[in-house]
Every structure is written in structure tokens, then in C-alpha cells.
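Breakdown of the fold
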Amino acid sequence: MQISFAESERSTLGIEWEIALVDQQTGDLVSVAGEVLDALRQEDGSEHPQITGELLLNTVELVTKVHHRVEDAVADLLAQLDEVRAITDPLDVELMCAGTHPFAQWFDQQVTDKERYHKLVDRTQWWGRNMLIWGIHVHVGIESVDKVLPLLDGLLTYYPHLQALSASSPFWGGVNTGYASNRALMFQQLPTAGLPYQFSEWSEYEKYVADMTTTGIIDDYTEVRWDIRPSPKWGTVEMRACDGLSSPQEIGAVAALIQCLVEHMSSELDAGRSLVTLQPWFARENKWRAARYGLDAEIILNSAGDERLVTDEIRDLLVLLAPVASRLGCSAELAQINLILEHGASYQRQLRVAAENGGSLHAVVSSLTHELRHGLAG
């Protein structure tokens, strides 16, 4: 099987943002995505070109166009968010984003009536129905297929940094899970989800997809749901590890970090230098540590097994990437990583709100909807 990798301009980016629909009074999820999407149809009756549905009817997804600068991608998302609010505000529906909803129950949710979603749930059963989770996906353009797999392996080294910064799912079904990102460990239960295999040649990836399709595990490569994956149709590497982010500042910060990392590593490859890569067992351990401990995680840095607090690594990384951010025009957005470190990642903020309100998870939902409407510092 040959899989063509589309031409894409280097380090351009696109962002996908999953948004939950919640009742303004109760804070619980509401399955009104169909009504929202119908109201957003174009004059000719066609679907909105950028705002789409997802697995569950409690979710809409915002998808940017291709952009050179993070600032423009975030502005694209916010314009779409305004379009959605024009429909949801009169319905007394609020918008929220986090890796999980603090107290909603999976068995109360309605699956979107599309064949691929019904097929997914039919095959995966309990785990498929439990996918009451939200994330943010960032695509970065890669100019050569020869760079794709080395960059994917290089990004695995920085997986815990991104997971810790975005961790926003400490609660599940009304329970404090003890994890910063319960979503990270739930999503990997799907058959093709989780960490990617570390292939050295594009032909190995093609053989993997061929094996998976021959045996009926997937219909095509789009059903390979790795945390970081090639996206051949768009000519990108797609970072899917991050929990849903509740504020525009966090989206800009995390997207800038991903864009800068890819550009930095691409330049390293251009210079003939090898990227720092980890053994698969170290990459797996780092994922678990970041999901469990978030910004308090001690992560493994290299193949020698050296370890360090992830927040110390992030601060040094910001210094390293500053010249790259300047070239890409995202210095302001990259600097907003410090806003997350100062205010706490979303999981920390949610736990703090619950503690300050007698354990009220309704208060947590209110804080998340407030952050989405007014921003992290609002």
C-alpha cells in the first residue's frame, strides 16, 4: 500500500477545537449539536465549512483554515465561537471545554447518527460509549515526507510537557480521579489510539496501515487515532495528545509551543543533527506520569534515563524556542505558557474551585464556562 503525503507549506498550522454544550442553569451536558449545526447551515443548505459535529450530540468542533501565525488561527477559532454563541445563547446553552465534564454521565449521552460513529461504538462497546472526552488537535505543515517520522519521534520526547500544560480532566462522572488527565488514559483504550509506533521508514507506516486494513481493524489511515500521527491528506504532523483547553490564551500558548517545537526540530534535521528520542518504554512512562501528576511530574529526558521536573524543563524550553517564535511571529502566544504556569493548568484550577466551593462540581463547570467566555485572566 502506498500512502501519498500531500504537499504542505512548512510550519503552517491548523487547529481543531472540540467544544461541549452545557445547560446554562444545571451545568449538565445537552445534546443539541444537531440543532446548532442546522442553524449554522449556509444559504444553499450546505453544512458550515468549518464548524462540524463529533461523536456525541453534546459537542461541536471548530476547525481553522490553514494559517502561518498562531494569532490568526486563534482569531479564526474565536470568530467561529461567536457564530456558535449566536445560536446557543438564546437557547440558554453555555459553551465549555475541558478534557472531561466534571459530573456528566456517559450513559446519558446521545451518539451522532452517522455510520462511522455507530460502527465505532458497536465495535468498541463500553469503552466507545465512555468517550465522553474533549481535546484540541494541532496540525503543523511538513514540507517533506522524509521528515515526518523523525519529527513524530522527536515530538514524543516533548509529549509530557504538552500533556501536563493542557491537563484538564481531573474529574470523571462526579469523581475526583486523582489524575491530572483522566482523558489521556481513557482515550488510549480505543483499538488504534495511544502512543504511535516508532517507525524509521515511511514504508513501515504504509505496511502498518496495510496490515490494519487487510484484517478489517480500520477502513483507512484516518482511523489510526494515535496521540501524535501523520496526516497524509493535509501534509501535516498532528498533535492530538492535549486535553481540551478552556481559554483562548491556553490555545494560543499550546499551539505556539507545538509549532515552535516542530520548526526547531525541522531545522535540526536540516543541519544534519539527530533529534533526542526516547525508548518506547520511557515514552509510555512519561505519558503516564504527565497524566497522573500534571505539572508536578518528574519526566524522563533522554535515552540515558535522566529525570527532571517538567515545569523546569518547560521554562528552559521557552528560552530555547524564543528565537524560533520570533521568526514564526508567535512570541506573544508562546509567552502565554507562563500564564498557565502562574494560574495553574486547568486541572489545578478545577480542583481549586471545587475545594473553595465545598466540593461543588457545578461551580467547576461555571468556572470553565467563564474562562471560555472571558479568558484565563478575565
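Basis of the calculations
- Residues numbered from 1 in each chain as written.
- Predicted model: local features only at pLDDT ≥ 70, side-chain atom pairs only at ≥ 80, totals over all residues.
- Heavy atoms only, no water.
- Helix = DSSP H or I, 4+ residues; strand = E, 2+ residues; numbered from the N terminus.
- Buried < 20%, exposed > 50% of the residue type's maximum accessible area, 1.4 Å probe, protein only.
- Contact = heavy atoms within 4.5 Å.
- Polar contact = N/O pair within 3.5 Å; in protein donor to acceptor, adjacent residues only side chain to side chain.
- Pairing = 2+ DSSP bridges.
- Core = buried A, V, L, I, M, F, W, Y, C linked by side-chain atoms within 4.5 Å.
- Axes fitted to C-alpha atoms, helices over the stretch in contact; angles between N-to-C directions.
- Parallel < 35°, antiparallel > 145°, perpendicular 65-115°, else oblique.
- Nonpolar A, V, L, I, M, F, W, Y, C, P; charged D, E, K, R; others polar.
- Expected span 1.5 Å × (residues − 1).

1. Points about the environment of S169
Tracing the chain through its elements places S169 in the loop between α5 (159-166) and β6 (171-172). Among the residues examined, S169 registers a relative accessible area of 0% and is labelled buried. The spacing of S169 and W134 is 35 residues in sequence and 9.2 Å in space, taken between C-alpha atoms. Ignoring any residue separated from it by four or fewer positions in sequence, one finds S169 in contact with G99, T100, T177, Y179, A180, S181, N182, R183 and D243. Side-chain polar atoms of S169 contact the side chain of D243, separated by 2.8 Å.

2. Let's talk about the pairing of strand β9 (residues 236-239)
The two faces of the sheet receive side chains in turn, since in a regular strand these alternate between them. Burial along β9 is two-sided: the face carrying T236 and E238 and the face carrying V237 and M239 are both buried. With 4 bridges connecting them, strand β5 (residues 136-141) and β9 associate as antiparallel partners. Its bridge partner lying in β9, G141 is registered against T236. Examined bridge by bridge, strand β8 (residues 228-231) and β9 share 4 bridges and lie antiparallel to one another. Residue pairing in the sheet places R229 in a bridge with E238 of β9. Between β8 and β9, which pair antiparallel in sequence order, lie 4 residues; one of them, G235, sits at a positive phi of approximately 70°.

3. Brief notes about the nonpolar core
Soluble globular proteins tend to pack their nonpolar side chains together in the buried interior. In terms of nonpolar packing, the biggest core is built from 90 residues, with W17, I19, L257, L334 and I337 touching the most fellow members. By residue number, the principal contributor to this core is helix α8 (residues 248-270), which donates 11 residues. Within the second largest apolar cluster, 30 residues are counted, among which are L29, M131, W172 and M186.

4. A closer look at the pairing of strand β1 (residues 13-23)
Most of β1 is tucked away: 10 of the 11 residues are buried. As judged from the 5 bridges shared by β1 and β5, these two strands associate in the antiparallel manner. Bridging across to β5, L13 finds its partner in V140. By the bridge criterion, 5 bridges tie β1 to strand β3 (residues 59-63) in an arrangement that is antiparallel. Bridged to I19 within β3 is V60.

5. A short note on the packing of helix α4 (residues 145-157) against α5
Remark: α4 packs on α5, axes separated minimally by 4 Å, with the N-to-C direction vectors making an angle of 55°. Regarding the angle of α4 to α5, the classification is oblique. Residues L155, L156 and T157 of α4 lie in contact with α5, whose contacting residues are Y159, P160 and H161. Taken together, the residues of the contact of α4 with α5 break down into 4 nonpolar, 2 polar and no charged.

6. Description of helix α2 (residues 70-88)
Here α2 spans 27 Å end to end across 19 residues, near enough to the 27 Å set by a 1.5 Å rise per residue. Looking only at α2, the buried set comprises V70, A73, V74, D76, L77, Q80, L81, V84, R85 and T88.

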